[in-house]
Amino acid sequence: MEIRTYIRFVVAWRMIIILGIISLIYACSCPDEKISHLSVIAPSRHTLLAVTPSLSLQLTGDTLNKSYPQLRTGEAFPITGILRVDGILYRFMGGDSLRISPLAPLSEDTVGWTGKYSFLFPGKGWEQRRYDDSWWSEGKGAFGPVKGYYPAHTLWGAENIYVRRHVKVDNKDALRNHKIYVRYVCDDWLKLFCNGKYLLESRYTYKTKCQRLTDEAISQIIDGDNNILAAYCRNTGGPALLDFGLYIENKTYAEANPATLKKMDVQATQTQFIFQCGEVELQVDFVSPSLSEKWDLTGWPVGFLTYQVRTESGKEHAVEVLFDVDMEWMFGKRKIDSWVDKDWRFVKSDSLYLAMEADETTFSCMDGHAILSQKLYVGNEEDKDSGVLLVGYEEGRVLQYDGEALSPLWNSDGTREVKELMKSVGNRYKELKAECDILDNRWNTKAFQAGDKTLAEQMLPAYRNFVSSHRFMSSSDNKLFCFGDTLGNVREAYKSFPALLFFHRTDWMRGLLDPIFEYCEDIHWSKKYPPYDIGLYPVASKQVKLENCAVEAAANMLMMTTAIVEAEQDFDYAGMHWEQLEVWADYLQQKMKKETYPIIGLLDENDERVKCVLGLAAYYKLIQLKGNL
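Thresholds applied
Residues numbered from 1 in each chain as written. Predicted model: local features only at pLDDT ≥ 70, side-chain atom pairs only at ≥ 80, totals over all residues. Heavy atoms only, no water. Pairing = 2+ DSSP bridges. Helix = DSSP H or I, 4+ residues; strand = E, 2+ residues; numbered from the N terminus. Axes fitted to C-alpha atoms, helices over the stretch in contact; angles between N-to-C directions. Contact = heavy atoms within 4.5 Å.

Turning to the sheet that holds strand S26 (residues 386-393), a few remarks are in order. The antiparallel open sheet is built from eight strands, whose spatial order is S16-S17-S18-S19-S26-S23-S22-S21. Each of the sheet's edge strands pairs with one partner strand only, and the pair in question is strand S16 (260-266) and strand S21 (337-341). Pairs of neighbouring strands in the sheet enclose a mean axial angle of 15°, with direction left out of account. Both strand S22 (residues 344-349) and strand S23 (residues 352-357) contribute to a ladder of six bridges, which runs antiparallel. Each residue of the ladder has a partner; that of Val347, found in S23, is Leu354. With respect to the sheet, helix H4 (residues 418-427) is in contact with strand S19 (302-310), S21, S22, S23 and S26, its orientation differing from that of S26 by roughly 155°.

Right, here's the structure in full:
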């Protein structure tokens, strides 16, 4: 039973490699011509737009016109897309619950607010609505250094502070069918209550945070001015700060009808939606140009979505497309810059850049929202029925690797700017879109020839998923390094290899392994097996997971190296690291000789004895290739 299981897993891994090589041969034999039909796939969750790991939009199912896309952290990306047709609004992207108005504003949204406070513990029940706070001190919020960066009005210099804020609600019925939020900023440790109901606990936050109230908490709100927001905050050192307030969703686009989704199609480089908006059909394509092959845009922190309107009747319609992004929700600040550079209207807040073609485009800013809109024409001869929204993001942290700062691949000389990349992509977005159409057709055909719809739904989205979760860096000797959030993670690299092999991205496969080889070939690493990882972004050379996972890591590295050699039909890559590969193979061999494993039922692919066999099988394959290539 045990030997048959070993053989089964060896064969399975070999089949993955063979599948990748077959796919490569098929790609080389097919011309880059557009075919007439794509087999539609719609995975349950996928990367909608790959920009950077910090700003890659994820989508669950076909919910684009029902809720906001999400970042990889699970936070909402607060973008709303509206198409206005003859004065009627249709929402094709996002929701309307993040635009908020104050019931009890923060200090930075007003001239301050009045509250009761105590630096001493006031006794049990201090957070309840019926508690008597008449003996407390009265002061103006926020609390903290009155000459600091934040608009604080009452000095807080003690370790602890207890604050009660009375909130007036004129008509509780007006809150029905609205989401209610509490917003806050604290330094260092906060507990927050609403009418005695516990809401949240938070550590230091340098920017304003926002959390939705539960239905139970909202039910405690009453008419009048005796609603209580109560906060306890503790300062563990340095300047202290406390501000909090209550907000309600504004429903600015409450009158907008959800656009009717007619089609959704997820391919390797892009996702397409077709909506019906009254008599006008809207097509929206989310394109990740960093997957381009004709132009090498690997790692470029830019994505874009194109939009086009059309009608079957030929009747003319007044059409306007609008994108609304809540910058304050994302960054906790309202500073928004806008300018026109040549043919492009740019908007920037914090690290996020947006751009649209300047012609027929207007920009407005309201309550921390950036709003870009463009007039479109449908049903006439003017060629203005389409446009593009560019999205760029600049990650501020520098990757520290072996004592040096690594530059992102797109800015290896340190002179390039995100806005310049965006203009470069924008000026040829139609060509990039056409190339991505060709790539998607090719890979769609490959996926369905290699397997069924299930395989296609696993493989095609995996390409964008990989780009969305990895940073492409340039090493000091001009090598390409691919780093996830956990740097040099052998297990995660192993999981990525089947998809990269399918798309024949051996350059990215090398980029995953090269930093691990460098780490192991350094004089400071003396173990006979690879590490699980080499650090947590943005600092390498400081392991996150210290347990060994030794057999798994050694076997995975041998199998991945073999996959690269077989895909490239060139032994050079293994040859550069042959001594290290021999050390890992010897470690697995010794492990097999020394360990006595009990036979307990069927074995899975992560069992150590299976990993040993797979790793050694890959090493013996390398020995064969060494003499034949």
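So, next bit.
So, about the sheet that holds strand S7 (residues 137-141). Spatial ordering of the open sheet is given by S7-S6-S8-S13-S10-S11, a layout of six strands whose pairing is antiparallel. Only two strands of the sheet have a single partner each, and these edge strands are S7 and strand S11 (197-202). Averaged over neighbouring strand pairs, the angle between their axes works out to 30° when direction is ignored. Of the strand pairs in this sheet, strand S10 (residues 189-194) and S11 are connected by five bridges, and their pairing is antiparallel.

Here we come to the environment of Gly196. Turning to its location among the elements, Gly196 is positioned in the loop between S10 and S11. Once the C-alpha coordinates of Gly196 and Arg130 are considered, the two residues, 66 residues apart in sequence, prove to be 9.1 Å apart. For Gly196, the residues in contact, after removing those within four places along its chain, are Glu127 and Gln128.

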